[in-house]
Amino acid sequence: MNTAAPPSLPAARPWRDGKRWWWLLSPAFPGLVWLNLIQYQATGQEYWLWVSSGVMYILIPLLDLLLGADTRNPPAAAMADLERAFWYRAIVVAFIPFQFALTIHGAWIAATHDLTLFGWGGLILSVGGINGVGINTAHELGHKRPRWERWLSRLALAPVAYGHFYVEHNRGHHLNVATPQDPASARMGESFWAFLPRTLIGSVASAWALEATKLRARNLPAWHWRNECLQAWSMTVLLFGGLCLWLGWGVLPFLLIQAFYGATLLEVVNYIEHYGLLRELDPRGRPVRCAPEHSWNSSHVVSNLFLYQLQRHSDHHAHPGRRYQALLHTAQSPQLPSGYAAMLLLAYLPPLWFAVMDKRLLAHYGGDVSRANLQPSRRAALLRRYGR
C-alpha cells in the first residue's frame, strides 16, 4: 500500500506590479520639459520649446494607438499592500519640485529673453502644459486623508491659479457629477468651447458658495482666513508676486496666460470624462448614487502612466479615496475609443467630437437619447434627430 503523500503544489508567486517603474514617467515629464528649456537656453533654438507639445499631442496618442489598453486589474489580495506602498506616494510628490522649477525657469526666460512669437507660443505651452498636468497631481493628492497630502494638493494648484479646484472638485463635483447642476459635467450637444466658459465660471462660483456656506455654519464671514479658496489663491498671489518682484511686473502676462492654458487642459479633461452621461432620479426626485456607468472609462496604458490612471475614472468616482495604482478597470462603464491625449484633440473640433462620441453615448443608453444629459439649447434638435 502506497502511503506517500501526494506531491505538493508549487506556492503561488506573489503578484507584482508590472508598471512599478513605468509610473516614474509622470514626475519625469516636467523634468524632461525643464531640460527642453535648458536646451533652448544653451542653443538659442526655439523649437526646443515645442518638444513637449509634440509629445503630448502627437507622440502619446500614437503610442496609445499602438499599445492599446491594459484592462488587467490587481488581484483583491494585493490591493491593501498596493495602496500602502510608499513608492507610489513618493512618485506623486516628486512631480511638484520639478513643476515649480520649470515654472520659475520659464518665468525667468520670459522676462530676460527676446523671444519671437513662435518662441512665446512654445514657452507658454511648455510651462502651462505641465502646470495643467499638475492639476492632476493635485487631484490625486487632494482626495487623500493625510493633511500633508491635501496641503501639497493646494501647492500644486498655485502655478496654475486654480486653487478653488480643491474645494469644488471634492465637495461639489463628486456630489453633483453627471447631473445638469454640475458645472464640470458636459452635456450632449454642448461643444467644448461652449462648455469652457460655463465650467470656468461655474466652478469658481460653486467653490465660493461651498466655502461661504461652511463658514456661515460656524458664524464666520465668507471673507475669512479659514476660507479654503482664499488660502489656496493666496499661494498663487505669493508665487506670482514673488516672481514679479524678482523679474519685474512684465512677467505677469506670461504667468497669467500659461495659467489659463493649464486650466483649459483640466477642463477639456472634465469635458471628456462625463460627456452626456446622466444619473437618473430616484422616487424622491434625487439623483441615484454615482455608479461606474456615469463616467467614461479608458485603460489606454500610455496616457494612464502619465496621468496616475485618471482615465480609470469610473472606479475613481466609485472609490474617491483609492490611490491611483489600485484603481480598477470597469468593463460595465462606457468606454472611450482612445486615451485622453487623443480625445482632447477631438474635443477641440466639435464636429468630429459629436460624430465619434454621440454614437457611443446613444449606444450606452440603448438608443434612448432622452436618458442623456442634454444641452438645453440643443434639446429639441437632439430629440428630433435621435428621439424614438
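Because the structure is a prediction, the values reported are computed rather than measured.

By secondary structure assignment, the location of His313 is in helix 12 (residues 313–318). In terms of polar contacts, His313 uses its side chain to reach the side chain of His274, at 3.4 Å. Ignoring any residue separated from it by four or fewer positions in sequence, one finds His313 in contact with Glu273, His274, Ser295, Trp296, Asn297 and Tyr340.

Once that is clear, we can look at the nonpolar core. Counting residues in hydrophobic clusters, the biggest one holds 95 residues, and the most contacted among them are Leu123, Met188, Phe254, Tyr271, Tyr275 and Trp353. If one sorts the elements of this core by residue count, helix 10 (residues 252–273) sits on top with eleven residues. The residues touching Trp353, leaving out its near neighbours within four places in the chain, are Tyr271, Ile272, Tyr275, Met343, Leu346, Ala347 and Asp358.

What follows covers the packing of helix 5 (residues 117–142) against helix 6 (residues 147–157). Packing of helix 5 against helix 6 brings their axes to within 8 Å, and their N-to-C directions diverge by 165°. Regarding the angle of helix 5 to helix 6, the classification is roughly antiparallel. When the axes of helix 5 and helix 6 are compared, the crossing they make is left-handed. Contacts from Gly134, Ile135, Ala138, Leu141 and Gly142 of helix 5 reach helix 6 at Glu149, Arg150, Leu152, Ser153, Ala156 and Leu157. Here the contact of helix 5 with helix 6 is composed, by residue class, of six nonpolar, three polar and two charged.

Calculation notes
Residues numbered from 1 in each chain as written. Predicted model: local features only at pLDDT ≥ 70, side-chain atom pairs only at ≥ 80, totals over all residues. Heavy atoms only, no water. Helix = DSSP H or I, 4+ residues; strand = E, 2+ residues; numbered from the N terminus. Polar contact = N/O pair within 3.5 Å; in protein donor to acceptor, adjacent residues only side chain to side chain. Contact = heavy atoms within 4.5 Å. Core = buried A, V, L, I, M, F, W, Y, C linked by side-chain atoms within 4.5 Å. Buried < 20%, exposed > 50% of the residue type's maximum accessible area, 1.4 Å probe, protein only. Axes fitted to C-alpha atoms, helices over the stretch in contact; angles between N-to-C directions. Parallel < 35°, antiparallel > 145°, perpendicular 65-115°, else oblique. Left-handed = near helix turned anticlockwise from the far one by under 90°. Nonpolar A, V, L, I, M, F, W, Y, C, P; charged D, E, K, R; others polar.

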